[in-house]
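One letter stands for each residue in the lines below.
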Amino acid sequence: MSFGEHRLMTRPRDSHDLRLVEATLAITPTAALRWKHDVFGNSVAIAAFAEPAATLEVVSRIRLAHFPADPPDVATLIEPYAETHPFAYPAEEAEDLAPVLRRHDPDPERLVDTWAKRFVQTAGPTRTADLLVAITRAIQAEFRYEARAAEGTQAAPETLRRGSGACRDFALLMMEACRSLGLAARFVSGYLYDADMVDAATSVVGGGATHAWCDVYVPGAGWVEFDPTNGLIAGRNLIRVAVARTPEQAVPIAGSWTGTPESFLGLDVDVEVAVEAAAQ
């Protein structure tokens, strides 16, 4: 087989809560690498291959220091004007948020709108923080998790019809539900800690593979992470690699190959997490 260029997004985003200490990227067969930042500021490696090979292997090893705060009480951080829904983003932010307020997929039957409106109180104001928590927990409780190796992400109406999906499908469903309610939301791709390694009381879904969740922009609190697959609010278990407007813009590895139909035997993805002992 011969391989076309591949686009790799495996390097975590440095931030105040995450410091990248070391990162290596090993590819077999040998590839020439060039790095760039995409439109969202994500680190992207472009791999170009000169020789054909029977298999393609990408091994990314990262060492990082994570400084997650305890999950905040989002309600205490929200600006007074945004404490209840609906609210309007201020003009100085609205223009920048416009792309992540637009819906991702057509929904002619308005299935997402109908589903999202159930979380809005009809008698009295709806607290914004309670709204977001309710959507997150409802997806976790009401939908069946099914890991999918198939390419792409289910449209939110399809996830509602099926009642099941993978983490990326649940992230998009929450994004679309929030956008239907006038809340800016974006897609996040990254890694999930194994719960046993971070002293968590219960197991998490999606460990051992790449993971997906979403950010919602809350005035005063900023971008707040919500993992509807596990019902996590600003979870300390999450390691961000890429943020994007759509799931397609945050695919961890994408590329092409040329060969016979029987050349493709399968695809395996494995993520291993180890936690170092804290320095004394």
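Higher on the page you've got the structure.
Model, not experiment: these values are computed from the prediction. (Residues numbered from 1 in each chain as written. Predicted model: local features only at pLDDT ≥ 70, side-chain atom pairs only at ≥ 80, totals over all residues. Heavy atoms only, no water.)

**Student:** Describe in detail the overall build of the protein chain, supporting the description with residues and values.
**Tutor:** Helix and strand content of the protein chain: 6 helices and 15 strands. Relative to the compact-globule value of 19 Å for 280 residues, the protein chain shows a C-alpha radius of gyration of 20 Å, a close match. If you line up the protein chain on its principal axes, its C-alpha atoms span 65 × 55 × 40 Å. When the 280 residues of the protein chain are sorted by exposure, 43% land in the buried category. In the protein chain, the share of contacts with a sequence separation of at least 24, taken over all contacts with a separation of at least 6, comes to 71%. Approximately 15,000 Å² of the protein chain is accessible, and the part contributed by carbon and sulfur atoms is 51%. Here the protein chain contributes 25 positive and 38 negative side-chain charges, whose respective centroids are spaced 3 Å apart. (Helix = DSSP H or I, 4+ residues; strand = E, 2+ residues; numbered from the N terminus. Rg over C-alpha atoms; globule rule 2.2 N^0.38 Å. Buried < 20%, exposed > 50% of the residue type's maximum accessible area, 1.4 Å probe, protein only. Contact = heavy atoms within 4.5 Å. Areas by Shrake-Rupley, 256 points an atom, 1.4 Å probe, with all protein chains shown as cover. Lys, Arg positive; Asp, Glu negative; His and termini not counted. Charge placed at Lys NZ, Arg CZ, Asp CG, Glu CD.)

**Student:** Could you give me a rundown of the packing of aromatic side chains, with the residues and numbers involved?
**Tutor:** Counting across every chain of the model gives 8 aromatic pairs. For the pair Tyr217 and Trp223, a centre-to-centre distance of 5.2 Å together with 65 degrees between the ring planes defines the contact as edge-to-face. Judged by its relative accessible area of 15%, Tyr217 falls in the buried class. Connected via pairs of aromatic rings, a cluster forms that spans Tyr81, Phe87, Tyr89, Tyr217 and Trp223. Positioned above the aromatic ring of Trp223 is the side chain of Arg186, whose terminal nitrogen or guanidinium carbon lies 4.0 Å from the ring centre. (Phe/Tyr/Trp six-rings, centres within 6.5 Å; stacked < 30°, edge-to-face > 60°. Lys NZ or Arg CZ within 6 Å of the ring centre and 35° of its normal.)

**Student:** Any details on the packing of helix α4 (residues 128-142) against helix α6 (residues 167-180)? Residues and values, ideally.
**Tutor:** Contact pair α4 / α6: the axes reach a minimum separation of 11 Å and the direction vectors enclose 150 degrees. For α4 against α6, the interelement crossing comes out right-handed. Residues Leu132, Ile135, Thr136 and Ile139 of α4 form the contact with α6, whose participating residues are Phe170, Leu173, Met174 and Cys178. Grouping the constituent residues of the contact of α4 with α6 by class yields 7 nonpolar, 1 polar and no charged. (Axes fitted to C-alpha atoms, helices over the stretch in contact; angles between N-to-C directions. Left-handed = near helix turned anticlockwise from the far one by under 90°. Nonpolar A, V, L, I, M, F, W, Y, C, P; charged D, E, K, R; others polar.)

**Student:** Can you break down α6 residue by residue, with the values?
**Tutor:** Counted at 1.5 Å a residue, the expected span for α6 with its 14 residues is 20 Å, and the 20 Å between its end C-alpha atoms agrees. Most of α6 is tucked away: 13 of the 14 residues are buried. Positioned one or two residues after α6, Gly182 has a phi angle of 85 degrees, which is positive. (Expected span 1.5 Å × (residues − 1).)

**Student:** I'd love a proper account of the pairing of strand β10 (residues 185-192), names of residues and values included.
**Tutor:** The buried count for β10 comes to 8 of 8 residues, which makes it a mostly enclosed element. In terms of strand pairing, β10 meets strand β11 (residues 210-218) through 7 bridges, oriented antiparallel. The partner of Tyr191 across the bridge, within β11, is Thr210. Bridge count for β10 against strand β14 (residues 238-244) is 6 bridges, and the pairing is antiparallel. Residue pairing across strands places Val188 opposite Val243, the latter belonging to β14. (Pairing = 2+ DSSP bridges.)

**Student:** Break down the sheet that holds strand β1 (residues 2-8) for me, with residues and values.
**Tutor:** Pairing in this open sheet of 4 strands is antiparallel, and the strands run β3-β4-β1-β15 from one edge to the other. Two strands lie at the open edges of the sheet, namely β3 (31-37) and β15 (253-258), each paired on one side alone. Strand after strand, the sheet turns through a mean of 15 degrees between neighbouring axes, direction not considered. Note: β3 against strand β4 (residues 43-49), 7 bridges, orientation antiparallel. Bridge pairing in β4 links Trp35 to Ala45.

**Student:** Describe the side chain of Asp227, and please don't skip the residues or the numbers.
**Tutor:** Along the chain, Asp227 turns up in strand β12 (residues 222-227). An unpaired buried charge is present at Asp227: no salt bridge exists, and Arg137, the closest side chain of opposite charge, is 10 Å distant. Among the polar contacts listed, one links the side chain of Asp227 to the side chain of Asn230, at a separation of 2.9 Å. Ignoring anything within four residues of it in the chain, the contact list for Asp227 reads Thr136, Leu192, His211, Ala212, Trp213, Leu232 and Leu238. (Salt bridge = Lys/Arg side-chain N within 4 Å of Asp/Glu carboxyl O. Polar contact = N/O pair within 3.5 Å; in protein donor to acceptor, adjacent residues only side chain to side chain.)

**Student:** Would you mind going over the sheet that holds strand β13 (residues 232-233) in detail, with residue names and values included?
**Tutor:** The strand order β13-β12-β11-β10-β14 describes an open sheet built from 5 strands, whose pairing is antiparallel. At either margin of the open sheet sits one strand with a lone partner, and together these are β13 and β14. Looking at chain direction, β11 and β12 are connected through 5 bridges and run antiparallel. Note that in β12 the partner of Val218 across the bridge is Gly222. Taken strand by strand, α6 contacts β10, β11 and β12, and its axis lies near 15 degrees from that of β11.

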